[in-house]
Amino acid sequence: MTGVSSSHKEASIKTGEFFVPDSKDKGVQVKNRISKIKNVIEGKLKRYYGRSLDNASKEEMFQAVAMSIRDIILERGVKANETMEKRGLKKLCYLSAEFLMGRALVNNMINLGLLKEYRAVMAEIGYPFEELEEQENEAALGNGGLGRLAACFLDSLSTLNLPVTGYGIRYEYGMFCQRIVEGQQTEVPDDWTAQGDIWEIERRAEQLEVHFDGTVEEVWTDHGLTIVHKNYQTVMAVPYDMPVIGYDSHVPATLRLWRAECPAVFDLHSFNKGDFVCMLQQKELAESISKVLYPKDDHIIGRMLRLRQYYFLASATMQCLVREHKKLYGDVRTLPEKVVIQINDIHPALAIPDLMRILIDEESLGWDDAYDIVSRMFNYTNHTVMQEAMAAWPEQLFKSMLPRVYAIVSEIDERFRQRLLKAYPDDRDKTAQMSIIAYDEVRTANLCVAVCRKVNGVSQLHGRILKTRTFRDFYVMFPGKFTAITNGITQRRWLAAANPALCELICDHIGDKFIRDCRELERLKPFVDSRRFLDDFAVIKQINKKRLSEYVQKRQGIALDAASVFDVQAKRLHEYKRQLLKVLHILYLYRHFTGNDHYVLPRPVTFLFAAKASPAYWRAKSIIHLINVVSTLVESHPRTKDNIRVAFLENYNVSLAEHLIPAADISEQISTAGCEASGTGNMKFMLNGAVTLGTMDGANVEIFDRVGEDNIFIFGAGAKDIDRIGTENTYNPKDYFDRNEDIREARGRQRPVSGYLPVSVVWGL
Ligand SMILES: *Cc1c(COP(=O)(O)O)cnc(C)c1O
């Protein structure tokens, strides 16, 4: 579509006809496909809902369209499975407590190469395509970056035609919905399954039992001494499969989510005793396991329900793997040749001892054989250096909830200690720090590092920090285990789906190969100074800013000025991510505007924030309040309101990110260096042509290396400086406060107060 004028581009986006077929021959094929798709949708509406194209409700139309897409993916899945089984291909199992999938419909259309056809069909029917998109509930089964990485990996692995199954929990309530009421965050439950998720298939016949509590006993049998787990509570794990198709892929990925249920015939004993209440309590306990996602992205509190969730995921998945492997290959000893397991942070770590348990107790292998198998199958990715995320489980809780797994972890610990004692015969402190069970705690991070083949850091800097700080002693012992594969994002969702106009512009210049392989984007380099390209890019950015403004207007009733610079910080709210630093910057500007009649900015700026705070994270929530108070403050002053605006966008999730990121001019990546393991938001913004303002942290360092200092704005202390300040123990924030007038001025009107006051009081509002 070269030679399209900018104004035409703008018009065609609005009418949703951007992807019209461009050549005649292709045109005939496309026409055929379009009429076929239309027939399929019509058929679905008739057969499933007794409706026609004219009288279907929004919901029915969405379901029918989604079903037509699902059929294609499932058919491909059947073929892929046959091939895989015939050839005995090795499979990746990706275990993660979180999958932040977002909406699937448009992404699936793009990856099947059918987006323009579907757009054309909807145009023919006279049904607005955007309404179709908006109809879909998003699967928000994750907190932030860690869960989104899992989702992006499924897309990428399928695009590479590599067989992968993601295993997770089918939380009935995903990440809470955030509403801002009087400037403050309130949480509303996310009842995402209410509409009956169209993408998932319940596979009740494949349900498994997971056992909790009870006691273990040693029993002599014909095979010698065996361990028997008695008086346990049974929870059923029912799998729900969601197909995920990569770009032009023949091998769809599967996301298998486990739902916890009470066994159908549960505890007849107490029922017979007439203990109806106890029976119902058990039912509720069982079902609470997959009830809700914990809304904290970097914190493991020693909560019982969380441990239950993690073991539930681990055990259901390991049993499922062993069962499938035996069905295909007969012998558990070949497991490491056919299956590799990646654990996404330590949440699924109990898969390690649970696979040991299955191999020993159920498959009658000896310890050494079982350990040999397990130690060749697992790899672990670490996502955070925040200490609280490393926190361990209270030993007594662990032991009473999971007695058999506890015994296995103890044995792994015992044998690992023997090795530690050989390596460090005189260093009791070190061995205690490195062991898996110590000081009445079970530390799953140490378990992962001790057993897994590879320990991955999610950026080069983070990988270095793991080796030199977090797991320093382990690195000395196992230098070969440590790697650093920097996180990534899928350009299918974050460019092709989120920013169709920019995608089209790039296609016009370098073809569409980059949609499969993002290294192809290098071929844009010759256009770095092309006036036409830059003008078209500017037009597209402007369209995206208008699109975001309309979206925000509709959802929150806030009017954004699309002519101003959009300076965006969108990510979970956390002190280390330093939204507060951005607020101080805004207050600094406010002081200058109100104190100096001649102070001007080159262009008006709108500061956009989007962030959820963990509901129990008081300080994070008060920063959200502060942002909203500052928004009112700058709005209320005649000098500032035409130059700076502040808007807090409600309920940051994948769908909002898809609108927000393509509209950003400036990407705020300003975490305290050494704290953000990688960041992936930084990559999404850069891919959409926003300029990064950031610190030398996480993957920003690598972005800096690739784009050069002229194309990124870096400030602040590096990870090493901050490390030094920390170890020298010289950091005193008050010194900076006393020395620097701007910081003092940004403080607010009140004198420093002891304790916390509501921000509105501090700011005199
Ligand atoms: C990418 C993404 C994140 C991660 O953002 P960071 O800036 O890397 O913390 C969090 N939430 C959503 C919805 C995302 O899409």
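Everything numeric here is computed off the predicted structure, so don't read it as measured data.

This part is about the packing of aromatic side chains. Counting across every chain of the model gives 12 aromatic pairs. When the centroid spacing of 6.1 Å and the interplanar angle of 70 degrees are considered together, the rings of Tyr-310 and Trp-393 count as edge-to-face. In this pair, Tyr-310 sits in helix α10 (residues 304-329) while Trp-393 sits in strand β15 (residues 393-394), placing the two residues 83 residues apart along the sequence. Grouping residues by exposure puts Tyr-310 and Trp-393 together as buried. With a centroid separation of 6.3 Å and an interplanar angle of 25 degrees, the aromatic rings of Phe-527 and Phe-533 are classed as stacked. Following the ring pairs from residue to residue traces out a cluster consisting of Phe-416, Phe-471, Phe-474 and Phe-478. The cationic tip of Arg-170 hangs over the ring face of Tyr-240; the distance from NZ or CZ to the ring centre is 4.2 Å. We note Lys-612 situated over the ring of Phe-176; from NZ or CZ to the ring centre the distance is 5.5 Å.

Here the focus is the site of the ligand. Close contacts around the ligand come from 13 residues, with Lys-571, Lys-577, Thr-680, Gly-681 and Lys-684 the closest. Within the side chain of Lys-577, one N or O atom sits 2.7 Å away from an oxygen atom of the ligand. Contact between the ligand and Lys-684: an oxygen atom at 2.6 Å from a side-chain N or O atom of the residue. Across the shell around the ligand, the residue classes tally to four nonpolar, six polar and three charged.

This paragraph deals with the sheet that holds strand β16 (residues 437-438). The strand order across the open sheet built from three strands is β15-β17-β16, with neighbouring strands paired in antiparallel fashion. Each edge of the open sheet carries a strand with a single partner, namely β15 and β16. Here two bridges tie β16 to strand β17 (residues 441-442), and the two strands are oriented antiparallel to one another. When the bridges of β17 are listed, Ile-437 appears paired with Val-442.

Our focus in this paragraph is the pattern of salt bridges. Inspection of the entire model under this criterion finds 47 salt bridges. Arg-259 is the salt-bridge partner of Glu-261, the closest N and O atoms lying 3.8 Å from each other. With a relative accessible area of 27%, Arg-259 lands in the partly exposed category. Across the pair Asp-723 and Arg-469 runs a salt bridge, and its minimum N-O distance is 3.5 Å.

For the rest of this paragraph, the subject is the sheet that holds strand β21 (residues 605-610). The strand order across the open sheet built from six strands is β22-β21-β20-β23-β24-β25, with neighbouring strands paired in parallel fashion. Either end of the sheet is taken by a strand with one partner, and the two such strands are β22 (644-649) and β25 (712-714). Neighbouring strand axes in the sheet, compared pairwise and without regard to direction, differ in orientation by 20 degrees on average. Pairing of β21 with β22, which is carried by six bridges, proceeds in the parallel orientation. From the neighbouring strand, Ala-610 faces β22, where its bridge partner is Leu-649. Strands in contact with helix α24 (residues 618-636) are β21 and β22; relative to β22, the strand with the most contacts, it is inclined by about 145 degrees. This element, helix α28 (residues 700-707), spans β23 (666-669), β24 (691-694) and β25 of the sheet and lies at about 130 degrees to β25.

Quick look at unusual backbone geometry now. Even without glycine at this site, Glu-182 takes up a positive phi of about 50 degrees. Following the sequence through the fold, Glu-182 ends up in the loop between β5 (177-181) and β6 (184-188). Judged by relative accessible area, which is 75%, Glu-182 ranks as exposed. Even without glycine at this site, Tyr-439 takes up a positive phi of about 50 degrees. Here Tyr-439 shows up in the loop between β16 and β17. On the basis of relative accessible area, Tyr-439 is assigned to the exposed category, the value being 59%.

Across the interface, helix α12 (residues 351-362) lies against helix α13 (residues 367-375) with an axial gap of 9 Å and an inter-helix angle of 140 degrees. The pairing of α12 with α13 is recorded here as oblique in orientation. Crossing of α12 over α13 shows right-handed handedness. Listed contacts from α13 to Ile-352, Leu-355, Met-356, Leu-359 and Ile-360 of α12 are Trp-367, Ala-370, Tyr-371, Ile-373 and Val-374. A class-by-class count of the residues in the contact of α12 with α13 yields 10 nonpolar, no polar and no charged.

So, about the nonpolar core. Among the nonpolar cores identified, the biggest contains 182 residues, and Ile-41, Ile-341, Ile-343, Phe-378, Tyr-380 and Phe-398 are the most heavily contacted of them. Counting residues per element, this core draws most heavily on α10, at 11 residues. Apart from residues lying up to four places away in sequence, Ile-41 is in contact with Leu-53, Met-61, Ala-64, Val-65, Ser-68, Tyr-118 and Val-121. The next biggest cluster of nonpolar side chains, apart from the first, holds 29 residues, and it includes Val-583, Leu-601, Leu-633 and Ala-746.

Mean pLDDT over the protein chain stands at 91; residues scoring 70 or higher make up 92%. The low-confidence segment residues 1-23, where pLDDT is below 50, has 31 contacts with residues more than four positions distant or belonging to other chains.

Bringing helix α7 (residues 145-159) into the picture now. Counting along an α-helix, one turn takes 3.6 residues, and residues three or four places apart therefore face a common direction. With 15 residues, α7 extends 21 Å from end C-alpha to end C-alpha; this agrees with the ideal 21 Å at 1.5 Å per step. Counted residue by residue, α7 has 12 buried out of 15 residues, so it is predominantly covered. Taken as a whole, α7 has its buried residues at Leu-146, Gly-147, Arg-148, Leu-149, Ala-150, Ala-151, Cys-152, Leu-154, Asp-155, Leu-157, Ser-158 and Thr-159. Just downstream of α7, Asn-161 is the residue with a positive phi angle, here 55 degrees.

Cut-off values and rules
- Residues numbered from 1 in each chain as written.
- Predicted model: local features only at pLDDT ≥ 70, side-chain atom pairs only at ≥ 80, totals over all residues.
- Heavy atoms only, no water.
- Phe/Tyr/Trp six-rings, centres within 6.5 Å; stacked < 30°, edge-to-face > 60°.
- Helix = DSSP H or I, 4+ residues; strand = E, 2+ residues; numbered from the N terminus.
- Buried < 20%, exposed > 50% of the residue type's maximum accessible area, 1.4 Å probe, protein only.
- Lys NZ or Arg CZ within 6 Å of the ring centre and 35° of its normal.
- Near = heavy atom within 4 Å.
- Polar contact = N/O pair within 3.5 Å; in protein donor to acceptor, adjacent residues only side chain to side chain.
- Nonpolar A, V, L, I, M, F, W, Y, C, P; charged D, E, K, R; others polar.
- Pairing = 2+ DSSP bridges.
- Salt bridge = Lys/Arg side-chain N within 4 Å of Asp/Glu carboxyl O.
- Axes fitted to C-alpha atoms, helices over the stretch in contact; angles between N-to-C directions.
- Contact = heavy atoms within 4.5 Å.
- Parallel < 35°, antiparallel > 145°, perpendicular 65-115°, else oblique.
- Left-handed = near helix turned anticlockwise from the far one by under 90°.
- Core = buried A, V, L, I, M, F, W, Y, C linked by side-chain atoms within 4.5 Å.
- pLDDT = per-residue confidence, 0-100.
- Expected span 1.5 Å × (residues − 1).

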